[in-house]
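# Examining the three-dimensional arrangement
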Amino acid sequence: FHPVETDKRPDRKGPARYRTRIQCRPKYYLIDLGLARTHPPEDGPPRDMPVRGGDRSVPEFEDHPNEAYDPFPVDVYYLGNWVKERFIEVR
């Protein structure tokens, strides 16, 4: 699609072809590096102190708010909870 004339091809020499989401399934890329941190492998298993993001329902933070945690399960929880709230519980 042309960025300005969205019904035209990029070269503006004809109508743009389109497909519905049923004909061609969309791909979703979930990327959010706003609270990202690096963990060098030589430092051993990663441990972090809680950083509260937009989702405040993380069980690890509620049970032990001032203890270091493994960030991987928390990231999986964030992603799963986001999918649950945005796609499964939509009314």
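The structure we're discussing is the one just above.
Below you will find a few notes about this structure.

About the cut-offs
- Residues numbered from 1 in each chain as written.
- Predicted model: local features only at pLDDT ≥ 70, side-chain atom pairs only at ≥ 80, totals over all residues.
- Heavy atoms only, no water.
- Helix = DSSP H or I, 4+ residues; strand = E, 2+ residues; numbered from the N terminus.
- Buried < 20%, exposed > 50% of the residue type's maximum accessible area, 1.4 Å probe, protein only.
- Contact = heavy atoms within 4.5 Å.
- Areas by Shrake-Rupley, 256 points an atom, 1.4 Å probe, with all protein chains shown as cover.
- Lys, Arg positive; Asp, Glu negative; His and termini not counted.
- Charge placed at Lys NZ, Arg CZ, Asp CG, Glu CD.
- Salt bridge = Lys/Arg side-chain N within 4 Å of Asp/Glu carboxyl O.

### A word on the overall build of the protein chain
Tallying secondary structure elements over the protein chain gives two helices and zero strands in all. With respect to the principal axes defined by its C-alpha atoms, the protein chain has extents near 60 × 40 × 20 Å. Within the span of the protein chain, comprising 91 residues, buried residues form 13% of the whole. By sequence separation, contacts in the protein chain at least 24 residues apart represent 14% of the contacts at least 6 residues apart. As presented, the protein chain carries roughly 8,300 Å² of accessible surface, and 54% of it is formed by carbon and sulfur atoms. Here the protein chain contributes 16 positively and 16 negatively charged side chains, and the mean placements of these two sets differ by 15 Å.

### Remarks on the pattern of salt bridges
Inspection of every chain in the model, using the stated rule, returns four salt bridges. With its nearest N and O atoms 3.4 Å apart, the salt bridge here joins arginine 9 to aspartate 11. Of the charged contacts in the structure, one is a salt bridge between arginine 37 and aspartate 48, with a shortest N-O distance of 3.2 Å. Residue arginine 37 is located in the segment before α1 (59-63), and its partner aspartate 48 is located in the segment before α1; the two are separated by 11 residues in the primary sequence. Relative accessible area serves as the criterion here: at 10%, aspartate 48 is assigned to the buried category.

### Things to note about unusual backbone geometry
The backbone of arginine 12 shows a phi angle near 60°, a positive value even though the residue is not glycine. Structurally, the position occupied by arginine 12 is in the segment before α1. Residue class for arginine 12 comes out partly exposed when judged on its relative accessible area of 48%.

Functional significance is not addressed by these values, which are geometric in nature.
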